[in-house]
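A closer look at the structure
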Amino acid sequence: MVKKHFFMKVTSVTLAAAMLCGCGGKTDSSVDTANSGKTTEETEEVQETVKVSDTANADKAPDEGASGVADQAKDDTKSEDEPVSDDFNYESFYKPVLDEILNTMIAGVDSDHPTSYVPSGLLERIMYDPDNNVLQTVGYRIDDVSGDGFAELLIVDNGDDDDTSSNSLIYGIYTRKDGDINMTIDGWARSSHSWIGDNRFGYLGSGGTDATYFGIYHLSKDGTQSEWEDFYFTDGDSGDIKYYTNKEGAAEIDLSEEADPDTANKFWAYLDAQKAPQLEITLFDNYNNYDIDEEYIPSKISDQITYFTLSGDPSGELNADLDGNGDPKHIEVKCTQDDAYYFNTLTLSFDGKDYDLPKIDEAYAFIMDGFKCFWFRPGGDKQYLYAQYLTDSDYRAMVVYSFDGNKFELVDYLDGAILFTKYNDNGDPETIYPTDLDEFLVCKTDYILGTQGYTQKCKLGNKGLPEPLEEYRYYLGSREPYIAATKDIACYYFEDDDAAKGEPDTIKKGDMVTPYRSDGSTYLDLKEEGASGIYRIMIKEGEAGRMELNSSEGTEDSLLLDDCFTGQVYAG
């Protein structure tokens with residue numbers, strides 16, 4: 001588990017914008033908050049993909065010319081927002097932010113779907129820590145922390161363990177400006193904000209080994225800018241690291257006074273000692289008033305399928321639309337663990353009843369990882385729960401249960417199956433959320449030639465398990481040939497994927513090939529370096545259960561398929 005400490009994780013662009021501007025004592029991070037404090041190259045990269053900090057370049061010092069002075073001056077004008085009534089619906093006003101954050105938590109960060117509101121530090125966490133139960137640890141709070149009568153939206157992380165001594169981490173703060181949503185605080189791993197009580201926030205940032213920034217601020221009266229009580233930064237350009245201070249929040253020597261190192265260190269100690277009770281938040285796992293972006297997460301909820309997660313906490317709660325009628329059920333989750341931190345029991349409670357999920361030793365892995373669940377509604381008397389989990393050897397696997405309205409029954413343990421996944425052109429896995437039970441992708445493993453992962457189009461069969469829709473299973477190997485023939489091997493050559501008949505041919509000793517597809521039992525198709533067609537070798541299962549060539553024609557020595565090639569990959 002990743003333990004959250006004061007200031008040690010993520011995020012804000014507000015300070016970065018403040019450090020770079022130096023105009024007045026306020027900062028409005030609505031001015032390109034995603035890119036403040038980044039180099040020009042980093043900014044262009046972010047704009048081309050998604051709004052997220054570039055941790056690979058985190059050691060670079062802030063670019064002091066990156067922020068727009070004209071925009072800063074424009075933001076010093078007073079907002080003309082009207083007062084709101086006591087019954088103003090803040091959750092409805094901030095709904096675009098909350099929906100986008102939840103959609104991103106579920107679907108992951110995708111360059112095809114840039115975000116507008118998700119805090120950069122939260123994007124970092126989703127990207128680089130995909131199995132962190134983010135729905136169960138990150139939440140939101142709507143509270144007037146500026147004191148202007150209009151409540152701000154805070155995106156908060158209180159950590160994922162029982163230690164409540166760490167201050168609440170603030171990923172982002174939003175308010176209203178000119179009638180629209182304004183992002184006041186945003187940041188990343190090297191620009192971290194924390195709640196220290198009394199509507200005040202602590203800040204710690206880094207631009208490299210000789211550039212550190214820290215201070216305390218509160219929001220301006222309208223909640224759109226930061227007002228700094230104290231701000232310190234270091235500079236090592238002269239060869240010696242020196243401390244500077246100002247109340248502008250700007251890392252500019254011309255606007256600052258040189259600070260005595262002892263004074264700066266005392267302030268650092270004072271800042272680190274600022275502790276406050278963690279903020280009470282609504283976890284995103286319990287956020288119900290959301291709309292699913294069908295293009296962004298095409299499978300979160302469909303007529304037949306609901307997706308949700310079960311955390312590995314001893315007790316937890318979530319809401320999921322199990323019936324598909326738009327009315328989510330409130331589900332309580334209870335589990336126990338053994339001495340090795342494996343699941344021991346797992347119970348789901350909904351509709352006023354407790355339902356135990358049958359346990360098999362192979363299916364329950366480390367408790368902290370939890371389950372990623374797909375609830376299938378094919379119609380008829382039974383529904384099916386596909387629960388994906390992480391094994392102790394760090395592999396994904398899945399267990400399938402049926403539910404008849406009275407109890408869960410174990411259908412099968414899909415050993416080694418990673419469902420609903422394909423590999424992209426770069427060889428990276430991508431989750432393809434299913435939307436149609438009559439056609440979805442399944443990723444599994446076979447051992448025909450080394451250890452090969454493959455995808456295959458399937459449908460949900462009568463027994464609740466995937467049934468192939470086509471004979472081909474497509475392998476997930478490299479696009480470049482990576483195994484070599486150890487001998488001449490008789491084969492058939494097909495001009496393309498759709499050719500009905502192949503011509504007799506031979507794969508020569510030393511030829512480089514790539515496994516392409518198979519029917520899993522009688523043939524294996526390979527692609528050869530420099531050739532556009534397909535080379536098919538006929539195979540069969542031998543006496544020891546290992547695959548071998550079905551014919552010895554043109555082949556010397558062993559017929560074992562693994563002995564006919566070198567360079568293949570084996571599990572473990």
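Residues numbered from 1 in each chain as written. Predicted model: local features only at pLDDT ≥ 70, side-chain atom pairs only at ≥ 80, totals over all residues. Heavy atoms only, no water.

Observations regarding the overall build of the protein chain
Of the regular secondary structure elements, the protein chain holds eight helices and 36 strands. Buried positions account for 51% of the 572 residues belonging to the protein chain. Carbon together with sulfur atoms contributes 44% to the accessible area of the protein chain, which is approximately 26300 Å² in total. (Helix = DSSP H or I, 4+ residues; strand = E, 2+ residues; numbered from the N terminus. Buried < 20%, exposed > 50% of the residue type's maximum accessible area, 1.4 Å probe, protein only. Areas by Shrake-Rupley, 256 points an atom, 1.4 Å probe, with all protein chains shown as cover.)

A word on a negative patch on the surface
Taken together, the side chains of Glu-317, Glu-332, Asp-354 and Asp-356 make up a negatively charged region of the molecular surface. Taking the relative accessible area as the measure of exposure, Glu-317 reaches 44% and is therefore partly exposed. (Patch = residues over 30% accessible without salt bridge, like charges linked within 9 Å, V, L, I, M, F, W, Y side chains within 5 Å. Salt bridge = Lys/Arg side-chain N within 4 Å of Asp/Glu carboxyl O. Lys, Arg positive; Asp, Glu negative; His and termini not counted. Charge placed at Lys NZ, Arg CZ, Asp CG, Glu CD.)

Concerning the pairing of strand E9 (residues 226-235)
Most of E9 sits out of view: seven of its 10 residues are buried. Here seven bridges tie strand E8 (residues 211-219) to E9, and the two strands are oriented antiparallel to one another. By the bridge assignment, Phe-214 is partnered in E9 with Tyr-232. Two successive antiparallel strands, E8 and E9, enclose a turn made up of six residues, where Gly-223 displays a positive phi of approximately 75°. For E9 and strand E10 (residues 242-246), the ladder comprises five bridges, and the chain directions are antiparallel. Looking across to E10, one finds that Phe-231 is bridged to Asn-246. (Pairing = 2+ DSSP bridges.)

What to know about the packing of aromatic side chains
Enumeration according to the criterion identifies 36 aromatic pairs in this entry. Here Phe-93 and Phe-150 contribute two aromatic rings whose centre-to-centre distance is 5.5 Å and whose plane-to-plane angle is 85°, an arrangement assigned as edge-to-face. Note that Phe-93 is positioned in helix H4 (residues 90-93) and Phe-150 in the loop between strand E2 (138-143) and strand E3 (152-157), a separation of 57 residues in sequence. Taken as a pair, Phe-93 and Phe-150 share a single burial class, namely buried. When the centroid spacing of 6.1 Å and the interplanar angle of 40° are considered together, the rings of Phe-267 and Tyr-270 count as tilted. Of this pair, Phe-267 and Tyr-270 are both found in helix H8 (residues 261-272), three residues apart, which corresponds to roughly one turn of the helix. Given a relative accessible area of 10%, Phe-267 falls into the buried group. Geometry around Tyr-472 places Arg-517 over its ring, the cationic atom sitting 3.9 Å from the centre. A cation sits over an aromatic face here: Lys-527 above Tyr-516, 4.2 Å from the ring centre. (Phe/Tyr/Trp six-rings, centres within 6.5 Å; stacked < 30°, edge-to-face > 60°. Lys NZ or Arg CZ within 6 Å of the ring centre and 35° of its normal.)

Digging into helix H5 (residues 95-107)
Counting along an α-helix, one turn takes 3.6 residues, and residues three or four places apart therefore face a common direction. Taking 1.5 Å of rise per residue, the 13 residues of H5 would be expected to cover 18 Å, and the 18 Å separating its terminal C-alpha atoms lies within 8% of that figure. Within H5, burial applies to Lys-95, Val-97, Leu-98, Asp-99, Glu-100, Ile-101, Leu-102, Asn-103, Thr-104, Met-105 and Ile-106. Immediately beyond the C-terminal end of H5, within one or two residues, lies Gly-108, with a positive phi of roughly 90°. (Expected span 1.5 Å × (residues − 1).)

Details of the packing of H5 against helix H6 (residues 120-128)
Contact pair H5 / H6: the axes reach a minimum separation of 10 Å and the direction vectors enclose 15°. Classed by the angle they form, the pair H5 and H6 counts as roughly parallel. For H5 against H6, the interelement crossing comes out right-handed. Contacts between H5 and H6 involve Ile-101, Thr-104 and Met-105 from the former and Leu-122, Leu-123 and Ile-126 from the latter. Partitioning the contact of H5 with H6 into residue classes produces five nonpolar, one polar and no charged. (Axes fitted to C-alpha atoms, helices over the stretch in contact; angles between N-to-C directions. Parallel < 35°, antiparallel > 145°, perpendicular 65-115°, else oblique. Left-handed = near helix turned anticlockwise from the far one by under 90°. Contact = heavy atoms within 4.5 Å. Nonpolar A, V, L, I, M, F, W, Y, C, P; charged D, E, K, R; others polar.)

Describing the nonpolar core
As a rule of thumb, soluble globular proteins bury nonpolar side chains together. Judged by nonpolar contacts, the single largest core of 43 residues is most densely connected at Ile-101, Met-105, Leu-122, Ile-155, Tyr-174, Phe-284 and Tyr-386. In terms of residue count, the dominant contributor to this core is H5 (six residues). Of all hydrophobic cores here, the second largest spans 25 residues; its members include Leu-322, Leu-385, Val-399 and Tyr-401. (Core = buried A, V, L, I, M, F, W, Y, C linked by side-chain atoms within 4.5 Å.)

Focus on the environment of Asn-133
Relative to the assigned elements, Asn-133 resides in the loop between H6 and helix H7 (134-137). You can call Asn-133 buried: its relative accessible area is 16%. Distance in space between the C-alpha atoms of Asn-133 and Asp-285 is 9.5 Å, their sequence separation being 152 residues.

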